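Each chain, written out:
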Amino acid sequence: MRRVVIVGGGAIGSAIAYFLTRDSDGERFEVVVVERDFSYGQASSALSASSIRQQFSTAINIRMSLYGIDFLRHLGQTLRVGDEVPEIGLVEPGYLYLASQAGADVLRENHAMQKAHAVHVALLTPDELKARFPWISTEGIALASLGLSGEGWYDGYSLLQAFRRKAVSQGVRYVQAQATGLRRDGRSLTGVQLDDGETLDADVVVNAAGAWAAKVAQWAGIDLPVRGRRRSVFSFSCPQALPGCPLVIDTSGIWLRPEGRQFICGFAPPEDRDHDDAPLEVEYEAFDGFIWPALAERVPAFEAIRMTGAWAGYYEMNLFDHNAILGLHPDCDNLYFANGFSGHGLQQCPAAGRGIAELIRFGEYCSLDLSPVSFARILENRPLLEKNVI
Ligand SMILES: Cc1cc2nc3c(=O)[nH]c(=O)nc-3n(C[C@H](O)[C@H](O)[C@H](O)COP(=O)(O)OP(=O)(O)OC[C@H]3O[C@@H](n4cnc5c(N)ncnc54)[C@H](O)[C@@H]3O)c2cc1C
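Everything numeric here is computed off the predicted structure, so don't read it as measured data.

Scoring rules and cut-offs
- Residues numbered from 1 in each chain as written.
- Predicted model: local features only at pLDDT ≥ 70, side-chain atom pairs only at ≥ 80, totals over all residues.
- Heavy atoms only, no water.
- Pairing = 2+ DSSP bridges.
- Helix = DSSP H or I, 4+ residues; strand = E, 2+ residues; numbered from the N terminus.
- Axes fitted to C-alpha atoms, helices over the stretch in contact; angles between N-to-C directions.
- Contact = heavy atoms within 4.5 Å.
- Parallel < 35°, antiparallel > 145°, perpendicular 65-115°, else oblique.
- Left-handed = near helix turned anticlockwise from the far one by under 90°.
- Buried < 20%, exposed > 50% of the residue type's maximum accessible area, 1.4 Å probe, protein only.
- Lys, Arg positive; Asp, Glu negative; His and termini not counted.
- Salt bridge = Lys/Arg side-chain N within 4 Å of Asp/Glu carboxyl O.
- Domains from an automatic or database assignment.
- Buried area = accessible area lost by both parts, 1.4 Å probe.
- Near = heavy atom within 4 Å.
- Polar contact = N/O pair within 3.5 Å; in protein donor to acceptor, adjacent residues only side chain to side chain.
- Nonpolar A, V, L, I, M, F, W, Y, C, P; charged D, E, K, R; others polar.
- Phe/Tyr/Trp six-rings, centres within 6.5 Å; stacked < 30°, edge-to-face > 60°.
- Lys NZ or Arg CZ within 6 Å of the ring centre and 35° of its normal.
- 1 Å grid on protein atoms, 1.4 Å probe; cavity = no way out; pocket = protein on both sides within 12 Å on 5 of 7 lines; lining within 4 Å.
- Points joined across faces, edges and corners; volume = space filled by probe spheres on them.

Chemist: Requested: an account of the sheet that holds strand E13 (residues 226–237), with residues and values cited.
Modeler: Strand pairs in the sheet, formed through backbone hydrogen bonds, run parallel or antiparallel to each other. Pairing is mixed in the open sheet, where 8 strands are placed in the order E5-E6-E4-E14-E15-E16-E13-E17. Unpaired on one side and paired on the other, strand E5 (121–124) and strand E17 (306–318) mark the two borders of the sheet. If you compare each strand with its neighbour and ignore which way they point, the axes differ by 20 degrees on average. The sheet contact formed by strand E14 (residues 247–249) and strand E15 (residues 255–259) spans 2 bridges and is antiparallel. The partner of Ile249 across the bridge, within E15, is Trp255. Helix-sheet contacts for helix H5 (residues 101–116) involve strand E4 (95–99), E5 and strand E6 (143–147), and the interaxial angle to E5 is about 155 degrees. Helix H9 (residues 284–298) contacts E4, E13, E15, strand E16 (262–266) and E17 of the sheet and is inclined by roughly 60 degrees relative to E13.

Chemist: Lay out unusual backbone geometry with the relevant residues and their values.
Modeler: A negative phi angle is the norm for most residues apart from glycine, just as the trans form is the norm for most peptide bonds. The phi dihedral of Tyr40 falls on the positive side, at around 55 degrees, and the residue is not glycine. With respect to the helices and strands, Tyr40 occurs in the loop between strand E2 (29–35) and helix H2 (44–47).

Chemist: I'd like a rundown of the packing of helix H7 (residues 156–169) against helix H10 (residues 345–362), residues and numbers included.
Modeler: With their axes 11 Å apart at the nearest point, H7 and H10 run at an angle of 20 degrees to one another. Taken as axis vectors, H7 and H10 run roughly parallel relative to one another. Classified by chirality, the crossing of H10 by H7 is left-handed. Contact residues: H7 offers Gly156, Leu159 and Phe163, while H10 offers Leu346, Cys349 and Pro350.

Chemist: How would you sum up the side chain of Arg354? Please name residues and give values.
Modeler: The topology assignment puts Arg354 in helix H10. The side chain of Arg354 sits in the buried core without any salt bridge; Glu358 is the nearest counter-charge, 4.2 Å away.

Chemist: Now, about the environment of Tyr284: what can you tell me, with residues and values included?
Modeler: In this structure, Tyr284 sits in helix H9. Tyr284 gets classed as partly exposed once you look at its relative accessible area, which sits at 47%. Discounting chain neighbours no more than four positions away, the residues touching Tyr284 are Phe234, Met307 and Ala310.

Chemist: Quick rundown of the domain arrangement of the chain? Include the residues and the values.
Modeler: According to the domain assignment, the chain contains domain 1 (2–84 + 155–225 + 320–379) and domain 2 (95–151 + 227–316). In this structure, domain 1 and domain 2 have C-alpha centres spaced 29 Å apart. Taken residue by residue, the interface counts 30 residues in domain 1 and 28 residues in domain 2. Of the roughly 2,300 Å² buried between domain 1 and domain 2, counting both surfaces, carbon and sulfur atoms make up 55%.

Chemist: Tell me what's going on with the pairing of strand E10 (residues 188–194), and back it up with residues and numbers.
Modeler: Relative to E10, strand E9 (residues 179–185) is paired through 6 bridges, and the arrangement is antiparallel. Bridge assignment links Gly181 to a residue of E10, and that residue is Gln193. Between the antiparallel neighbours E9 and E10 lie 2 residues, among them Gly186 with a positive phi of about 65 degrees. The pairing of E10 with strand E11 (residues 199–201) spans 3 bridges and is classified as antiparallel.

Chemist: Can you break down the site of the ligand residue by residue, with the values?
Modeler: Around the ligand lies a shell of 37 residues, among which Glu35, Ser45, Ser51, Glu316 and Gln347 are the nearest. A distance of 3.0 Å separates an oxygen atom of the ligand from a polar atom in the backbone of Ile12. In the model, a nitrogen atom of the ligand is placed 3.3 Å from a nitrogen or oxygen of the Arg36 main chain. Per element, the largest residue contribution to the shell around the ligand is 4 residues, and it comes from E17. Residues that form the shell around the ligand fall into these classes: 19 nonpolar, 14 polar and 4 charged. Looking at which domains feed residues into the shell around the ligand, each of domain 1 (2–84 + 155–225 + 320–379) and domain 2 (95–151 + 227–316) gives three or more.

Chemist: I'd like to hear about the pattern of salt bridges, residue by residue, with values.
Modeler: Pairing between side chains of opposite charge can happen when the charged atoms of each approach one another. For the structure on display, the rule yields 20 salt bridges. With a shortest N-O distance of 4.0 Å, Glu283 and Arg273 are connected by a salt bridge. Within this pair, whereas Glu283 is found in the loop between E16 and H9, its partner Arg273 is found in the loop between E16 and H9, the two being separated by 10 residues in sequence. Residue class for Glu283 comes out buried when judged on its relative accessible area of 5%. Under the relative-accessibility criterion, Arg273 is labelled partly exposed at 40%.

Chemist: Hey, could you go over the packing of aromatic side chains for me, with residue numbers and the actual values?
Modeler: Per the counting criterion, the structure on display carries 18 aromatic pairs. An aromatic cluster is defined as three or more aromatic residues linked by ring pairs; in this entry it consists of Tyr18, Phe19, Tyr67, Phe71 and Phe163. Here the guanidinium or amino end of Arg36 rests over the ring plane of Trp212, the centre of that ring lying 4.6 Å away. Positioned over the ring face of Phe38 is Arg164, at 4.1 Å from the centre of the ring.

Chemist: Go over empty space enclosed by the protein with me, naming the residues and quoting the values.
Modeler: If you walk through the whole model with that rule in mind, you get 2 cavities of 30 Å³ or more. As a volume, the largest cavity reaches approximately 40 Å³. If you go around the largest cavity, the residues you meet are Arg229, Arg230, Pro269, Arg273, Asp274, His275, Ala278 and Glu283. Volume-wise, the second largest cavity comes out at about 30 Å³. Around the second largest cavity sit Asp250, Ser252, Ile254, Leu256, Ala294, Leu295 and Arg298, which together line it. For the lining of the second largest cavity, the leading source of residues is H9, giving 3 residues.

Here it is as structure tokens:
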């Protein structure tokens, strides 16, 4: 029985553990997940906006999210443990991308790509937009794109816990410890060292360490271009209801969506202020400085909002091209990477988990070919350009 040690027990590590132990026929694996913090205080999976969209510009991201929504819709049955049926609160009000004149052509190009993959999406003129969402200001909008199904949000922490509980029920062992190094013999790893002095023997190691993955790669002498990039999320209340409100991506780059009876919103700081591994402190000044004014310009009812809370988490940003990095690196025969999801890792965790499990089990992808997001593109300097990055 091959021994697999997964470093990082967030949504990605837990999904891989689940898929590796799901099938009772064929090869069996002894799977240990090393997770330093069982409360997931800093894990992106617990601090996420937990949304899923199909409106990407690349085929691979669309395919991964199509599988993601299918998995989420059936998760209650798939990840049930006995009588315990997990509930992640999935709702599908869609994503609404707003484009100015300058962005309209890109929206049309993306739309063509999405339609080619049977994504349920519609382009709206400003008049159609206003008719559908009377509470929105169409000032400066040339075109909008609305997801009609397969897009929405859910509870990310519950998703992580559902994978984890199911994996444990299938025999996966979670060890609360900090991985501190890798034991290596030639081209292969033979173990994972822990902070308590123990070394877990391993035939296969998986790097699922989220924003901290570059350190794990470094232990194997591999340069992984992934860094933690802080993202602040603000919650706010608004006296006026916005019927049918989807997740809106404004031309300013600010996104917002309902969260229960309230709303949440966020933004990406400009590149020169987007430092690597900044402390997880909320950028409160951004809310009054430009988020609130921009929100109120797009939705006049937001003049009267009140901020009710905020948090900060890390995007595990792939600095090379802002997309996942999956699979082996040519310098090591048994270290698998599942990193760099750059803000779309929760929705991709079912596809990534299944794919990495297939790669370990069969040496190749069987259901969905994830090779477009392999290490090769980085080593060959072929960035995968995703135009719809939030
Ligand atoms: C504000 C925000 C909004 C987001 N919105 C979305 C969204 O709408 N949709 C979407 O799909 N994605 C979104 N994401 C991204 C998504 O949350 C992540 O891509 C995903 O959660 C990554 O999962 P992970 O398991 O790789 O990382 P994590 O959840 O961070 O898990 C990694 C784990 O590894 C552990 N670890 C690290 N190093 C070690 C070590 N040496 N030893 C032991 N344990 C270790 C950590 O403790 C952590 O628990 C968002 C992220 C943020 C921060």
